[in-house]
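Single-letter residue listing:
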Amino acid sequence: MKTGSLGRYLVTRVLLAVPSVFILLTLVFLLLHAAPGDPVTATLGGRLPPAEIAARQETLGLNDPIYVQYFNYLAGALTGDFGNPVTDSRSVVEIILETAPATLELAAAGMLIAVTLGVVVGAIAGRLRDTAFDVGGRLFGVVIYAAPVFWTALLGQLLFSVKLGWLPSSGRAGGFDAPEQITGFYVFDSIITGDWEALQSSLLHLILPAVTLGLLIGGVFIRLVRVNMLQTLRSDYVEAARGRGLPERNVLFRHAFKTALIPIITIVGLQFALMLGYAALTETTFSWPGLARELIDFVGTRDYAAVQGIVTFIALVVVGVSLLIDIITGIIDPRVRY
Amino acid sequence: MSTVHGSEAPADAHSAAVNSRTPLKKRLQHIYRPFRQTSRISRGLIFSGLGVVVFFLLVAFVAPLLYPYSGTQYRKEVAPGEFVKFPALAPPSVEHPFGTTRDGFDVLARIIDAASLAFVVMAIAVSIAMLVGVTLGLYSGYRGGKFDRALVTVMDSVYAFPSLVMAIIVGFVLGSILTQGVFSAAAAVAVVYIPQYYRVVRNHTFSVKQEPFVEAARSFGAKDRTIVGRYIFFNVVQTVPVILTLNAADSILVLAALGFLGYGVPYPIPEWGLDIAKATNDVAAGIWWTAFWPGMAIVLLVTALTLVGEGLNDVVNPLLRTRGKAGRKIAGMPRSRRKNGDGGVTRSADAVRGAAQEKLAAKIRDLRVGYRTSDGPLWAVDGVDLNLRAGECVGLVGESGSGKSSMGRAMLRLMPPGGVVQGEVEIDDRDIVNAPESTVRKMRGEGISLMFQEPMTRLNPLMRVSDHFVEMIRTHQPKTSRQRARTMARDALMQVGIPPTRVDNYPHEFSGGMRQRVMLAMAIVLTPRTIVADEPTTALDVIVESQILSLLERLRSEENVGILLITHNLGVVAEACDRVAVMYAGRIVEMGPVDQIFNDPKHPYTRGLVASTISLNTTELHSVGGYPPNLVEPPTGCRFADRCAYAMDHCTKVDPELTTVGPEQQAACLLYPGAGADVPADVRTPSGDPQKSEV
Ligand code: SF4
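Residues numbered from 1 in each chain as written. Chains lettered and ligands numbered in written order. Predicted model: local features only at pLDDT ≥ 70, side-chain atom pairs only at ≥ 80, totals over all residues. Heavy atoms only, no water.

Looking at an unreviewed UniProt entry, chain B carries the name Peptide/nickel transport system permease protein, with the source organism given as Halosaccharopolyspora lacisalsi.

The name an unreviewed UniProt entry assigns to chain A is Peptide/nickel transport system permease protein, from the organism Halosaccharopolyspora lacisalsi. Under the Subcellular location (unreviewed entry) heading, UniProt states for chain A: "Cell membrane". Quoted verbatim from the Sequence similarities (unreviewed entry) heading of the UniProt record, the comment on chain A is "Belongs to the binding-protein-dependent transport system permease family." (UniProt positions renumbered as here; feature names shortened; annotations may be inferred.)

Structure (structure tokens):
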């Protein structure tokens, strides 16, 4: 499959992603419009005179036939204009720009913890198959995945914030502690502005949510890494490597581990999407001012514009991550050529 | 060139033998059999998981009848018409074992009620998902075309999207259409799993349609729907229980998540996630019991279901099944006492002389290789002696399962998990079988090299060929520079006829024959005294085969390397070897110079092999009729007895030993004097009767 360049491959991949984003948008549009009621009545009904409500519905185009609404919406999406939510003075794009960094920062920190945990424990468990460590690691993986993330979060808050008082129980670094906003990623921002107090506060606020999220996904990774390790450990070339007299350390790391990593990287990508879902739960529990929490609230108020805008954004992030994963795999695995 | 095909032992004989008329007990045993093959720990996990699930079923459907309160009860009747409210936020006590909530509900009662809700939602959600997913999958895969492609794209988009977010939207929409309740929650949960079932079923359906046998059946006018249906059924039946159990576990989490966010069932219906949401404020006040218990219930039930699902997966996926660690002892494994091969108990004068006068590339004494199997331990190699002289090529032939490959690996002490090696393999005056691990590693590749069959899978796909060489050379000779190691690699490649310019290519850039030559180059780069070549030419074409063989020939004559050539192809042996050892059921049954074995085979088994190779009508697969014996309980007496046309009464009683039957030729058969000390000479039939050699 040695055709074309990386550039052309990327373009193809992006083009292939277009239908999938489009499908999601359509699905969400249809679903939201299938529900009875509309955003104006849902949020302002009873608080404004009926004439006023009708006028607002008219300006928002809610009285147009559904296909007109659909095309208007698609046209808006194409030009990057997702309109304005009913219940918020900011535009949808502004909301996304403001809250997405918080979610992505949380998800990235969680992923870092998950991958470290999963790879270390999973690889050792696969190597020490059927020992106490293996059984312990597997059980830990299962149990931690079985625990609802909001429940572990509550227990963490109870222990580390309420009883011990070591960590802040909710929110991001706020007020004077917040770093100067440049990218919106607090940890990053405080490092580039050299604001060490902000960095400390940002990290302290991040620890509990990120660990809760990371443990959960880490449980999945432990099991995954273990199984892949087991499979590569009995593959032909690992036996051949042993037959050449290589020390076990090299057999493990250079031969078994690196190959086991390829399917794992792919799954990390898939899990990242899953993680955005869990982030909604974590954000709610920790009052983390993120995108996922906004989305949950906007669903409740039936705010078409906001929900559709945020869903589009999440779909784009998912596509972007899977693209990134493909590129990384291509770098590691010489058999993949674009 | 004619080939002797080994007769494959039916690996899983009794799994094929179960049909509808098998008695129930047998059938249960058959179902349980794969469980037995998993490790004790995995089994323990599955069964404790099952236990917890049963416990929860009891909690859900029996406990409500026994426990005095219901989940939505906030007061109790102390006298007719007279009610007393439960205290709010009471800590656990005798009256309320798990405490009460802010609204004065009994926590334990709510947990019990929520358990039945969880099972109901689980059942509805998984049924909906399966029904929709399987139907769509079947239809789309079967129909193919544009419809299929469109649906695949839709499902893949949904699959990649965060499922929880999707479930929330669906839960909300259904909740407002149908009113929020058990069904809307269950349907929202189901949405998460539909794409999974769809993908599994659709891919099976799609691939089976293209199978040649379906094509063939269609041309005969058979209803391909039946075939497709049956095939898919059997494939899907294997995967679906695993998906189903894992989804059931997951559905509890999704339900709880929906409940927690307020898109599941409405309060005050007892539901674990919802109850945890209600307890959020209690936590800030340091009250633990309202949040703790519902969470514990989720953790326990989900863990248990996951353990069952993963356990099933272990059972279905045989790859993960073999247990045990490689070592040198298997407890409780009977050790057979007999020795076999040259230089053993019946050490022939020739062999002794050979050992004393010539330098040996490898000296093998009483080599045994044991495995644990689900039916019990067995010795795949059962006491073999062999002298491999320097500059000599010995062919090791036998059917698949005769133990020849195990023997080749044992010479480097390479064992899969669950295997043991005993005896001695002496190379350069060091015994590799009993040496410490560090010595063994040093000897591998430097003293003795193994060339594997299947060259396609023996190189690490992620590493350049040069890296393979450099890594190996510098492991054995840490002082060698990278540059020097690369030069050595180029030289070795050149020797096997590969342009040294290709040293930096990746394995997938070579053809099969070239990869086998790369493997050979790696085997010789450190100039070992001994090379074990396991089927080095299988799957290669005739031209590449003769290239490889002539390379081996040159190593032997010019470098004085001792070569053990493992093969089932007597043609290869005739072309490349000086001596042959014939292996049967873990033992050497005959051994001697190539021309003698081919022209005057003595052992009835060898006669069968040679006859079927030399005569022209060798189309049948089993060159020697029958199957090798079951090595878990090897027969007493001669192991070949039930396939042997010469078998005599005492053949099933006396175990034959190798005895000299010609110049440098030995055979283990009671037809020849010396093979069994206590067999009277008069019962022996004369040997070498050509009439009888058609086995
Ligand atoms: S010992 Fe008996 S059964 Fe065995 S090969 Fe010789 S004749 Fe046949």
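From this point, things continue past the structure.
Engineer: So, the overall build of chain B: which residues are in play, and what are the values?
Structural biologist: Within chain B one finds 23 helices and 14 strands. The burial tally for chain B puts 54% of its 695 residues in the buried class. Entry remark: accessible area of chain B is about 29800 Å², with carbon and sulfur atoms responsible for 58%. (Helix = DSSP H or I, 4+ residues; strand = E, 2+ residues; numbered from the N terminus. Buried < 20%, exposed > 50% of the residue type's maximum accessible area, 1.4 Å probe, protein only. Areas by Shrake-Rupley, 256 points an atom, 1.4 Å probe, with all protein chains shown as cover.)

Engineer: So what about the interface of chain B and chain A? Which residues, and what values?
Structural biologist: Of the residues lining the interface, 80 residues belong to chain B; the matching set on chain A comes to 75 residues. In this assembly, chain B packs against chain A so that about 6800 Å² is buried in total across both faces, 72% of it on carbon and sulfur atoms. Broken down residue by residue, the surface that chain B buries against chain A is led by Phe 172, Leu 462 and Glu 471 of chain B, which jointly contribute 10%. Scanning the region where chain B abuts chain A turns up three salt bridges. (Contact = heavy atoms within 4.5 Å. Buried area = accessible area lost by both parts, 1.4 Å probe. Salt bridge = Lys/Arg side-chain N within 4 Å of Asp/Glu carboxyl O.)

Engineer: For the domain arrangement of chain A, give the residues involved together with the corresponding values.
Structural biologist: Residues and elements named next belong to chain A. Looking at chain A, the domain boundaries give domain 1 (21-78) and domain 2 (95-337). For domain 1 versus domain 2, the distance between C-alpha centres works out to 36 Å. On the side of domain 2, 11 residues touch domain 1, which itself brings 15 residues to the contact. Contact with domain 2 buries surface across domain 1, with Val 21, Leu 32 and Pro 39 losing the most and accounting together for 39% of the total. For the pair domain 1 and domain 2, the interface holds zero salt bridges. For the interface between domain 1 and domain 2, the tally reads zero residue pairs in polar contact (both at pLDDT 80 or more). Listed by contribution, the elements that provide at least two residues to the side of domain 1 that touches domain 2 are α1 (6-34) and α2 (39-44). Split by residue class, the side of domain 1 that touches domain 2 holds 11 nonpolar, three polar and one charged. (Domains from an automatic or database assignment. Polar contact = N/O pair within 3.5 Å; in protein donor to acceptor, adjacent residues only side chain to side chain. Nonpolar A, V, L, I, M, F, W, Y, C, P; charged D, E, K, R; others polar.)

Engineer: So what's going on with the domain arrangement of chain B? Which residues, and what values?
Structural biologist: All names here are of chain B. When its domains are assigned, chain B resolves into domain 1 (42-321), domain 2 (340-359 + 389-407 + 530-695) and domain 3 (448-525). At the junction of the two partners, domain 2 supplies 16 residues and domain 3 supplies 14 residues. Looking only at domain 2, the three residues that lose the most surface to domain 3 are Val 532, Asp 534 and Leu 551, adding up to 29% of its buried area. There are zero salt bridges connecting domain 2 and domain 3.

Engineer: Provide a residue-level description of helix α18 (residues 482-495) of chain B, including the pertinent values.
Structural biologist: Residue and element names in this part refer to chain B. Spanning 14 residues, α18 covers 20 Å between terminal C-alpha atoms, matching the ideal 20 Å at 1.5 Å per step. Buried within α18 we find Ala 485, Arg 486, Met 488, Ala 489, Ala 492 and Leu 493. Here the buried residues of α18 occupy an arc of 160 degrees about the axis, which is enough to place them on one side. In this structure, the buried residues of α18 make contact with α17 (465-476) and α19 (512-524). Residue Gly 497 follows α18 closely and has a positive phi angle near 85 degrees. (Expected span 1.5 Å × (residues − 1). Arc of directions from axis to C-beta.)

Engineer: Quick one: what's the story with the environment of Ser 402 of chain B, residue by residue and with numbers?
Structural biologist: Residues and elements named next belong to chain B. Along the chain, Ser 402 falls in the loop between β5 (393-397) and α15 (404-410). On the accessibility criterion, Ser 402 (2% relative accessible area) is buried. Every residue in contact with Ser 402, bar those within four places of it in the chain, is listed here: Ala 380, Met 583, Tyr 584, Ala 585 and Gly 586.

Engineer: How would you sum up the packing of aromatic side chains? Please name residues and give values.
Structural biologist: Taken as a whole and assessed by the stated rule, the structure comprises 16 aromatic pairs over all chains. Joined through ring pairs, the aromatic side chains of Trp 151 of chain A together with Trp 288, Trp 289, Phe 292 and Trp 293 of chain B make up one cluster. Its guanidinium or amino end placed over the ring of Tyr 159 of chain B, Arg 199 of chain B lies 4.1 Å from that ring's centre, counting from NZ or CZ. (Phe/Tyr/Trp six-rings, centres within 6.5 Å; stacked < 30°, edge-to-face > 60°. Lys NZ or Arg CZ within 6 Å of the ring centre and 35° of its normal.)

Engineer: Go over the sheet that holds β5 of chain B with me, naming the residues and quoting the values.
Structural biologist: Residues and elements named next belong to chain B. The strand order across the open sheet formed by eight strands is β8-β9-β10-β5-β11-β12-β14-β13, and the pairing between neighbours is mixed. Edge strands, defined here as strands with exactly one partner in the open sheet, are β8 (448-451) and β13 (659-662). Strand-to-strand twist across the sheet, computed as the mean angle between neighbouring axes with direction ignored, equals 25 degrees. Both strand β11 (residues 579-584) and strand β12 (residues 587-593) contribute to a ladder of six bridges, which runs antiparallel. What sits directly across from Met 583, in β12, is Ile 588. (Pairing = 2+ DSSP bridges. Axes fitted to C-alpha atoms, helices over the stretch in contact; angles between N-to-C directions.)

Engineer: Summarise the pairing of strand β1 (residues 75-79) of chain B; cite the residues concerned and give the values.
Structural biologist: All names here are of chain B. Pairing of β1 with strand β2 (residues 82-85), which is carried by four bridges, proceeds in the antiparallel orientation. Looking across to β2, one finds that Lys 76 is bridged to Val 84. Hairpin connection between β1 and β2: a loop of two residues separates the two successive antiparallel strands, and Gly 81 in this loop has a positive phi of roughly 80 degrees.

Engineer: How would you sum up helix α4 (residues 66-78) of chain A? Please name residues and give values.
Structural biologist: Residues and elements named next belong to chain A. Compared with the 18 Å implied by 1.5 Å per residue over 13 residues, the 18 Å span of α4 between its first and last C-alpha is a close match. Of the residues making up α4, those classed as buried are Gln 69, Tyr 70, Tyr 73, Leu 74, Gly 76 and Ala 77. Taken end-on, α4 shows its buried residues confined to a sector of 160 degrees, consistent with a single buried face. Facing away from the buried side of α4, by more than 90 degrees, are the exposed residues Tyr 67, Phe 71 and Leu 78. Residue Gly 80 follows α4 closely and has a positive phi angle near 75 degrees.

Engineer: Tell me what's going on with the UniProt feature "transmembrane region" (unreviewed entry) in chain A, and back it up with residues and numbers.
Structural biologist: UniProt's feature table lists "transmembrane region" (unreviewed entry) at residues 106-126, 138-160, 203-225, 259-281 and 310-332 of chain A, given in the numbering used throughout. Along residues 106-126 of chain A the backbone is 100% helical and 0% strand, and the end-to-end C-alpha distance reaches 29 Å.

Engineer: Tell me what's going on with the pattern of salt bridges, and back it up with residues and numbers.
Structural biologist: Counted by the stated rule, this structure contains 29 salt bridges over all chains. We note a salt bridge from Glu 239 of chain A to Arg 458 of chain B, for which the minimum N-O separation is 2.9 Å. Taken together, the residues Glu 239 of chain A in helix α10 (residues 236-243) and Arg 458 of chain B in the loop between β8 and α17 connect one chain to another. Judged by its relative accessible area of 2%, Arg 458 of chain B falls in the buried class. The salt bridge partner of Asp 534 of chain B is Arg 409 of chain B, with a shortest N-O separation of 3.4 Å. Of this pair, Asp 534 of chain B sits in strand β9 (residues 530-534) while Arg 409 of chain B is found in helix α15, placing the two residues 125 residues apart along the sequence. Residues Asp 534 of chain B and Arg 409 of chain B agree in their burial class; the two are buried. Where salt bridges share partners, they join Asp 366, Arg 368, Asp 382, Arg 587, Arg 639 and Asp 655 of chain B into one cluster.

Engineer: Which residues make up the sheet that holds strand β6 (residues 419-427) of chain B, and what values go with them?
Structural biologist: Paired through backbone hydrogen bonds, the strands of a sheet run either parallel or antiparallel to each other. Residue and element names in this part refer to chain B. Spatially, four strands are ordered β4-β3-β6-β7 in an open sheet, and the strand pairing comes out antiparallel. The two strands at the open ends of the sheet, each matched to only one other strand, are β4 (376-389) and β7 (430-431). In terms of strand pairing, β6 meets β7 through two bridges, oriented antiparallel. Note that in β7 the partner of Ile 427 across the bridge is Arg 430.

Engineer: Give me the lowdown on the pairing of β4 of chain B, citing residues and values where you can.
Structural biologist: Every other side chain in a regular strand lies on the same face of the sheet, so the side chains alternate between the two faces. Residue and element names in this part refer to chain B. Taking burial as the measure, the 14 residues of β4 include 13 buried ones, the bulk of the element. Judged from the 11 bridges that link them, strand β3 (residues 360-373) and β4 form a sheet pairing that is antiparallel. Paired with Thr 373 across the two strands is Gly 376, which belongs to β4. Counting the residues in the hairpin turn of β3 and β4 gives two residues.

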